[in-house]
Amino acid sequence: MTAWLRLEQTAGVGAETARRLLVAFGLPENIFSSSFSALHKVVPERIAYALLAAPSDAVRALTARTLEWLQQPGNQLFTLADSVYPQALLDISDPPLMLYVKGRAELLTRRAMAVVGSRNATAQGIANADRFAEILSQRGLTIISGMALGVDAAAHQGALRGAAGSPDGGSTVAVIGTGADIVYPARNRGLAHQIAEAGCIVSEYPLGMPGIAANFPRRNRIISGLARGVLVVEAAAQSGSLITARMAAEQGRDVFAIPGSIHSPLSKGCHQLIKQGAKLVESAQDILEELGPLHGAAAVQASIPATQVAAAVGSANQGLQGLLAVLGYDPVSFDVLAERSGNDAASLNGQLLELELAGLIEVLPGGIYRRIG
């Protein structure tokens, strides 16, 4: 293990160079015991010298820190040479040299679906991510995501709930862009603890690695690589979720997308994917049918059904239900709603507030209203 850590930390040795060295020499121990001339046949002179140099104090400190981390319950470190390294990642073009694993490592070898989307998701996007993940987890799929705010966090939460409610539940795996000893963003600290206990946290980065922007797009290949397919819930036209979807397609994984309003910026990315061949899905059952038979409970619709909307309205008068019908599913302004409904401003304000408190509509920036469910 020490030699693997040393190889990872050698100046100039990236993932591609490390794999080239491993192909030529086998295990890292053989690399460090080789002659300069042998090394120079595989790597440039400066890297050959770096490999022959004694480990720096920083490398020794990181090694000691890692060995101490591995003593904690649930912490493991997998290398490319380990039999427990996930086969799904060995099949991609750029597998991580090492995987820092915290939690239930067996989840990395189970059938999985990645669920990704916007960090600034709408209330409907959050609800969809949560519900789809819950049902897919109930049916035995492990849900993979990146533990970011928004869609990622909702997917992890739904998956944990689905696993807890089913004997065949799949739980969740968080692939992070920091060291496995760091929670980023800090607001997800509680969620991270839940995942470490009931699911699994995975990182290819060494302990102590902070949340550097460049790390997150790169970790997306692991999210898609571990999964049978990727579901994009909400994504803007330039969203990082589209990177994950592209990587999934390149890896031969299925890509699914939930459509939305043509007026919503967060639907643009999903619509773009659908135009490019992603499978349009309206319920978790659409995904389950595409993936084939799974064990677990009977199929359940992932969208929020009309009966749930009616129950949420409860004993509300016909005016509220009528306003929901007038609102439709596209975002609309207060003035347009007033014109459609024929209500005066005071009455309409009151009805909108009731619907918002009931969780049936959300208010978007600019005073725009949108129905949820």
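Read on for a plain summary of the structure. These figures come from a predicted structure and were not determined experimentally.

Procedures and definitions
- All residue numbers refer to positions counted from 1 along the written sequence of the respective chain.
- Restriction of local features to residues with pLDDT of at least 70 applies here, the model being predicted, together with a cutoff of 80 or more for giving and counting side-chain atom pairs; totals for whole chains, interfaces and linings are based on all residues.
- Where side-chain values are given, they derive from all heavy atoms of the structure, hydrogens and water being excluded.
- A run of H or I in DSSP becomes a helix once it reaches four residues, and a run of E becomes a strand once it reaches two; helices and strands are each numbered from the N terminus.
- When accessible area is computed with a 1.4 Å probe and restricted to protein chains, residues below 20% of their type maximum are described as buried, those above 50% as exposed, and intermediate ones as partly exposed.
- Using the Shrake-Rupley algorithm and a 1.4 Å probe, accessible areas are obtained, with residue cover drawn only from the displayed protein chains.
- Under the counting rule used here, the positive set is Lys and Arg, the negative set is Asp and Glu, and His together with the chain ends is not counted.
- Lys charges are placed at NZ, Arg charges at CZ, Asp charges at CG and Glu charges at CD.
- The pairing criterion for strands is at least two bridges between them, as found by DSSP.
- Note on contacts: a residue pair is in contact if any heavy atoms of the two residues lie within 4.5 Å.
- Think of each axis as a best-fit line through the C-alpha atoms, taken over the contacting stretch in the case of a helix, with angles from 0 to 180 degrees between the N-to-C directions.
- Note on terminology: angles under 35 degrees are roughly parallel, angles over 145 are roughly antiparallel, angles of 65 to 115 are roughly perpendicular, and the others are oblique.
- By definition, turning the near helix anticlockwise from the far helix through less than a right angle yields a left-handed crossing, and turning it clockwise yields a right-handed one.
- Charged residues are taken to be Asp, Glu, Lys and Arg, nonpolar residues to be Ala, Val, Leu, Ile, Met, Phe, Trp, Tyr, Cys and Pro, and polar residues to be all remaining types, Gly included.
- For a helix, the expected span equals 1.5 Å multiplied by the number of residues minus one.
- Any carboxyl oxygen of Asp or Glu that lies within 4 Å of a side-chain nitrogen of Lys or Arg is treated as forming a salt bridge with it.

Scanning the protein chain from terminus to terminus reveals 18 helices and twelve strands. Oriented by its inertia axes, the alpha-carbon framework of the protein chain measures out at about 85 × 40 × 35 Å. The buried share of the protein chain, taken over its 373 residues, is 51%. Summed over its atoms, the accessible surface of the protein chain is roughly 16,400 Å², and 53% of this surface lies on carbon and sulfur atoms. The positive charge centre, built from 29 side chains, and the negative charge centre, built from 31, are 6 Å apart in the protein chain.

All right, on to the sheet that holds strand β9 (residues 279-280) then. In space, the nine strands of this open sheet follow the order β1-β2-β6-β5-β4-β3-β7-β8-β9, with mixed pairing throughout. One side of each edge strand has no neighbouring strand; the edge strands of this open sheet are β1 (75-79) and β9. Note that strand β3 (residues 112-116) and strand β4 (residues 142-145) share three bridges and pair parallel. Its bridge partner lying in β4, Ala114 is registered against Ile144. Across the sheet, helix α1 (residues 2-9) touches β1 and β2 (98-103), and the angle it forms with β2 is around 120 degrees. Here helix α10 (residues 189-198) sits on the sheet in contact with β2, β5 (172-175) and β6 (200-203), set at roughly 105 degrees to β6.

So, on to the packing of helix α11 (residues 215-225) against helix α12 (residues 241-250). A pair of packed helices can be characterised by two numbers: the angle between their axes and the separation between those axes. Across the interface, α11 lies against α12 with an axial gap of 9 Å and an inter-helix angle of 50 degrees. Put simply, α11 runs oblique to α12. You can see that α11 and α12 cross each other, and the crossing is right-handed. Along the contact surface, α11 presents Pro217, Asn220, Arg221, Ile223 and Ser224, while α12 presents Ile243, Thr244, Met247 and Ala248. Considered class by class, the residues forming the contact of α11 with α12 number five nonpolar, three polar and one charged.

Take helix α9 (residues 151-164) next. Structurally, the α-helix is built with 3.6 residues per turn, so residues lying three or four positions apart point the same way. Here α9 spans 20 Å end to end across 14 residues, near enough to the 20 Å set by a 1.5 Å rise per residue. When you tally the buried positions in α9, you get eleven out of 14 residues, the bulk of the element. Buried residues of α9: Val151, Asp152, Ala153, Ala154, Ala155, His156, Gly158, Ala159, Leu160, Gly162 and Ala163, and no others. As for α9, its buried residues are in contact with β3, α8 (123-138), β4, β5, α10 and α11.

A few words now on the pattern of salt bridges. Taken as a whole, this structure holds 15 salt bridges when the rule is applied. When the shortest N-O distance is used, the salt bridge between Asp57 and Arg60 registers 3.3 Å. One end of the pair, Asp57, and the other, Arg60, are both in helix α6 (residues 57-70), three residues apart, so they sit about a helical turn from each other. By sharing partners, the salt bridges in this structure join Arg19, Asp94, Glu204, Arg218 and Arg221 into a single network.

On to the pairing of strand β11 (residues 361-364). Pairing of β11 with strand β12 (residues 368-371) involves four bridges; the strand directions are antiparallel. Considered in β12, the bridge of Glu362 is made with Arg370. If you look at the hairpin formed by β11 and β12, you'll find three residues sitting between the two strands, and Gly366 has a positive phi there, around 90 degrees.

The next thing to look at is α11. Extensive coverage of α11 is indicated by the burial of nine of its eleven residues. Of all the residues in α11, the buried ones are Asn215, Phe216, Arg219, Asn220, Arg221, Ile222, Ile223, Ser224 and Gly225.

All right, on to unusual backbone geometry then. Peptide bonds are trans in most cases, and residues, glycine excluded, mostly fall at negative phi. Going from Tyr184 to Pro185, the amide bond is cis rather than trans, its omega being 0 degrees. Within the secondary structure layout, Pro185 lies in the loop between β5 and α10. Of note in this structure, Met147 is not a glycine but carries a positive phi near 60 degrees. With respect to the helices, strands and loops of the structure, Met147 is situated in the loop between β4 and α9.

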